[in-house]
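For reference, the chains in residue letters:
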Amino acid sequence: MDELARAWLGGLTAAQQAQARYRFADDARRDWHYTPRSRPGLPLGAMDASSRARAWAMVDAALSEAGRTKVREVLALEAVLGDIEGRPARRDPSNYALAVFGEPGTEAPWAWRFEGHHVSLTLTHVPGAGVAVTPSFFGANPAIVPAPHAHAGAELLVVPRKLAFELLHSLDPSSRAQCVLAIDAPRDILTGPGAERRLERIEGLALAELALGQQELGWHLLSSFLVHLADDHRAAAEARIRDVGLGRVHFAWAGGDRLGDPHYFRLHGPATVVEYDNVQNAANHVHAVWHEPDDVFGDDRLRRHHLDAH
């Protein structure tokens, strides 16, 4: 990844590098979001073909095949949304930016982020301590493409939605009472930008209280939020969750229990929190995020790095 990042930066003009590069300590490193906005980094639309190819090589190296497909589907859905709204200029698939924080290829920590509307991927490389991979966000608007659009029926984040409904509907009344936190779903995810550690209290139904088949379903649901990562990153994240104890992860729900109802769910344990919210646009607009609460932006790895190296 160091080599790929340096190759991308090396192919940029001086003006482009000024837009793409930040100090590691810069506040921009934590300035993530998932709305259409001006954001840190160099947009794909500002790159020539060679720079775009190197940018995608860098992004793809951190992702699985499923992740590469998902990122490109988000960009394609942005064009679909532009068609539906009649505002193609506002919904621009080339308005996704890559930014580098720090100096790749040295003994110092560095990070990078690929971000635009409905995707935000941040990876923090810490020498001697590995790579932190959250915050990690995907969204979809429309969640299911409506008729009469040519892509009617397409659903970007279908797997977590189906698994979550299956798990909810498998619960007996007592378990469901523990799982459901509220009749109404929140308007949006709770652990958004600047609020990554908002959920201090773990609520809902512990997976340890479920039957083995339901626990396995809960694990598949949780894994569906990690599947976009390259094998080594995903395996490390899964190992951290299992080491702390999968049974300590809690499943919580709010809102309706049928497709078309506004709904929200999360899986929350000591080592992970994922949230999924589908409320906006008549429950056809999904936001989904994953955090490692102690290691958001690599905070825990950086702490260990400073203890070891300094």
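Quick note: structure is the one above.
Residues numbered from 1 in each chain as written. Predicted model: local features only at pLDDT ≥ 70, side-chain atom pairs only at ≥ 80, totals over all residues. Heavy atoms only, no water.

Participant: Talk me through the pairing of strand β3 (residues 97-101); I want residue IDs and the actual numbers.
Facilitator: Along β3, 5 of the 5 residues are buried, which leaves the element largely enclosed by surrounding structure. The alternating pattern of β3 places Ala-97, Ala-99 and Phe-101 and Leu-98 and Val-100 on opposite faces, both of which are buried. Where strand β1 (residues 21-22) and β3 come together, 2 bridges link them in parallel fashion. Bridged to Tyr-22 within β3 is Phe-101. (Buried < 20%, exposed > 50% of the residue type's maximum accessible area, 1.4 Å probe, protein only. Helix = DSSP H or I, 4+ residues; strand = E, 2+ residues; numbered from the N terminus. Pairing = 2+ DSSP bridges.)

Participant: Kindly report on the environment of Leu-199, identifying the contributing residues and their values.
Facilitator: Secondary-structure assignment places Leu-199 in the loop between β8 (180-182) and β9 (205-206). For Leu-199, a relative accessible area of 15% translates into the label buried. When the C-alpha atoms of Leu-199 and Val-273 are compared, they prove to be 8.5 Å apart, with 74 residues separating the residues in sequence. Beyond its immediate chain neighbours, meaning those up to four positions away, Leu-199 contacts Leu-190, Thr-191, Arg-266, His-268, Val-273 and Glu-275. (Contact = heavy atoms within 4.5 Å.)

Participant: Please set out the packing of aromatic side chains residue by residue, giving values where relevant.
Facilitator: One pass over the structure, following the stated rule, counts 12 aromatic pairs. Ring geometry for Phe-251 against Trp-253: centres 6.2 Å apart, planes inclined by 70°, an arrangement best described as edge-to-face. Of the two residues, Phe-251 and Trp-253, neither departs from the other in class, the shared state being buried. Members of the aromatic cluster, joined through ring pairs, are Phe-165, Phe-225, Phe-251, Trp-253, Phe-265 and Tyr-276. One residue, Lys-70, lies across the ring of Phe-138, its end atom 4.9 Å from the ring centre. For Arg-72, the ring lying beneath its charged end belongs to Trp-56, and the centroid distance is 4.2 Å. (Phe/Tyr/Trp six-rings, centres within 6.5 Å; stacked < 30°, edge-to-face > 60°. Lys NZ or Arg CZ within 6 Å of the ring centre and 35° of its normal.)

Participant: Got a sec to walk through helix α3 (residues 49-61)? Specific residues and values, please.
Facilitator: Taking 1.5 Å of rise per residue, the 13 residues of α3 would be expected to cover 18 Å, and the 18 Å separating its terminal C-alpha atoms lies within 8% of that figure. Turning to α3, its buried residues number three or more, namely Ser-51, Ala-55, Trp-56, Met-58, Val-59 and Asp-60. Contacts made by the buried residues of α3 are with α1 (2-10), α4 (65-85), β3 and β4 (110-116). Taking the backbone nitrogen of Ser-50 as reference, a side-chain oxygen 3.2 Å away marks Asp-48 as the first, capping residue of α3. (Expected span 1.5 Å × (residues − 1). Polar contact = N/O pair within 3.5 Å; in protein donor to acceptor, adjacent residues only side chain to side chain.)

Participant: Describe the side chain of Thr-272, and please don't skip the residues or the numbers.
Facilitator: Mapped onto the elements of the fold, Thr-272 is located in strand β12 (residues 272-278). A distance of 3.0 Å separates a polar atom in the side chain of Thr-272 from a polar atom in the side chain of Trp-290. Beyond its immediate sequence surroundings of up to four residues, Thr-272 is in contact with Leu-222, Ile-241, Leu-267, Trp-290, His-291 and Pro-293.

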